[in-house]
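# Structural features, examined
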Amino acid sequence: MQMNIALVKGDGIGPEIVTSAVAVLNAIGEKYGHTFVFTDVLAGGCAIDATGIPLPQETVDTCLASDSVLLGAVGGPKWDTLPGNIRPEKALLGLRSALGLYTNLRPARLYPALKDECPLRADIVEKGFDLLMVRELTGGIYFGDRGRREGKYGPEAYDTEAYSVMEIERIARAAFEAARKRRGKVTSIDKANVLETSRLWRETVHRLAAEYPDVEVQDMLVDNAAMQLVRNPSSFDVVVTTNMFGDILSDEASQISGSIGLLPSASLGEGKRGLYEPIHGSAPDIAGQNKANPLATILSAAMMLRYAFDLGEEADAIERAVDKALEDGCRTADIARGEGVRALSCTEMTAEVIKRL
Ligand code: IPM
Ligand code: MG
């Protein structure tokens, strides 16, 4: 099988971690007889430097023409003072939107080998957790009308949250389908005691639930969800929520799994082509120092094999190799704690994973 993959390395640690994932994909390709053809495209701060805009049309076109997209991270202090519409982050939002990727899957689980990295109380850690965050990705306040205007108290700014029934239905459906393949439970997170969008969200999820009698549905207010994630994370199976709540809660979920450097994600739309990226950012403070944890990007490549190419066995092999490396004590700086634990570099960790494929 030959697969064309667009690489959006981006900024900061982006190039290092994408290079790691490419090395792992090539190793898998060799082992299982697949050919991956990679095409580099510019997006984010590096695109601003080269072309003046964060998301050149050529990048969108190349991504649309490829079978899948692997992304590192975008952004950095160099571009922080640019106006909102030409910030590096705009590239990410623009790509998600242009590719129609409304479903963002962010799995988070506790690696037994990393129990000591979990900041939670021992009895909670003991129970472990394994959840899938399903985040709506192309709607809500991220894409609503925004601007500046003269208000009652002088100049003000506003952002708008809007959700259509169609947008809620399709993301809820993704969550129900995912729950069927897991432990059969969906927790829908909203702020229905305050927000009208949340009331429509809740109504729509409940209506759809009738089609999935085998799936248990639970509503939870977002403030409570933030608390339950650290109090009782094992109670969650599939979590479905809006773009903004999902952004916030997925960072929280990553921290209780040990490090944000571990969480992969898949962004999917109607077709098979998706975008795969770690949930973390460009970490400009350690960029170019070969210190980044490549595991989230490597695990994102595994998700790509599974979802974009139906290569479940190959995806399992990568995930097992990562598990094994962690079990064997391999640690990058973000998860290396305690006496005598040597932090591996990004390239060393990558080699450890490849060795265990
Ligand atoms: C994420 C990131 C992005 C988001 C930023 C970089 C725009 O935080 O993927 O979680 O908010 O979606
Ligand atoms: Mg985020």
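Residues numbered from 1 in each chain as written. Chains lettered and ligands numbered in written order. Predicted model: local features only at pLDDT ≥ 70, side-chain atom pairs only at ≥ 80, totals over all residues. Heavy atoms only, no water.

Attention now goes to the packing of helix α6 (residues 165–180) against helix α7 (residues 196–209). One way to put it is that α6 packs onto α7 with a least axis distance of 9 Å and a crossing angle of 50°. Here α7 runs oblique to α6, going by the angle between their axes. Handedness of the crossing formed by α6 with α7: right-handed. Residue-level inspection shows Val165, Ile168, Glu169, Ile171, Ala172, Arg173 and Phe176 of α6 in contact with α7, the latter providing Leu200, Trp201, Thr204, Val205, Arg207, Leu208 and Ala209. Split into classes, the residues belonging to the contact of α6 with α7 amount to 10 nonpolar, one polar and three charged. (Axes fitted to C-alpha atoms, helices over the stretch in contact; angles between N-to-C directions. Helix = DSSP H or I, 4+ residues; strand = E, 2+ residues; numbered from the N terminus. Parallel < 35°, antiparallel > 145°, perpendicular 65-115°, else oblique. Left-handed = near helix turned anticlockwise from the far one by under 90°. Contact = heavy atoms within 4.5 Å. Nonpolar A, V, L, I, M, F, W, Y, C, P; charged D, E, K, R; others polar.)

Okay, the domain arrangement of the protein next. Domain annotation of the protein identifies domain 1 (1–109 + 259–357) and domain 2 (119–132 + 146–242 + 249–256). Here the C-alpha centroids of domain 1 and domain 2 sit 25 Å apart. Roughly 1100 Å² of surface becomes buried between domain 1 and domain 2 when both sides are summed, with 63% attributable to carbon and sulfur atoms. Contact with domain 2 buries surface across domain 1, with Tyr102, Ala108 and Arg109 losing the most and accounting together for 41% of the total. On the surface where domain 1 and domain 2 come into contact, there are zero salt bridges. Taken together, domain 1 and domain 2 are joined by two residue pairs in polar contact (both at pLDDT 80 or more). (Domains from an automatic or database assignment. Buried area = accessible area lost by both parts, 1.4 Å probe. Salt bridge = Lys/Arg side-chain N within 4 Å of Asp/Glu carboxyl O. Polar contact = N/O pair within 3.5 Å; in protein donor to acceptor, adjacent residues only side chain to side chain.)

Packing of helix α1 (residues 14–32) against helix α11 (residues 312–327) brings their axes to within 11 Å, and their N-to-C directions diverge by 130°. The pairing of α1 with α11 is recorded here as oblique in orientation. The two elements α1 and α11 cross, and the hand of that crossing is right-handed. Across from Val24, Ile28 and Tyr32 in α1, the residues of α11 making contact are Glu313, Glu314, Ala317 and Ile318. Of the residues belonging to the contact of α1 with α11, the class tally is five nonpolar, no polar and two charged.

Moving on, we come to the side chain of Ser66. Along the polypeptide, Ser66 turns up in the loop between α3 (57–65) and β3 (68–73). There is a polar contact of 3.3 Å between the side chain of Ser66 and the backbone oxygen of Ser68. In contact with Ser66, other than residues within four places in its own chain, are Asn4, Ile5, Ala6 and Arg273.

Turning next to the packing of aromatic side chains. Scanning the entire structure with this criterion turns up three aromatic pairs. Pairing Tyr163 with Trp201 gives two aromatic rings, centres 5.5 Å apart and planes at 70°, and the pair type is edge-to-face. Within this pair, whereas Tyr163 is found in the loop between β7 (154–159) and α6, its partner Trp201 is found in helix α7, the two being separated by 38 residues in sequence. You'll find Tyr163 and Trp201 in the same group, each marked buried. Summarising the aromatic geometry, the rings of Phe176 and Tyr212 are spaced 4.7 Å apart at their centres and angled 5° between planes, so their arrangement reads as stacked. Linking Phe176 in helix α6 with Tyr212 in the loop between α7 and β9 (216–221), this pair joins segments that are 36 residues apart in sequence. We classify Tyr212 as buried; its relative accessible area is 3%. Over the ring of Tyr111 we find Arg109; its NZ or CZ atom is 4.3 Å from the centre of that ring. (Phe/Tyr/Trp six-rings, centres within 6.5 Å; stacked < 30°, edge-to-face > 60°. Buried < 20%, exposed > 50% of the residue type's maximum accessible area, 1.4 Å probe, protein only. Lys NZ or Arg CZ within 6 Å of the ring centre and 35° of its normal.)

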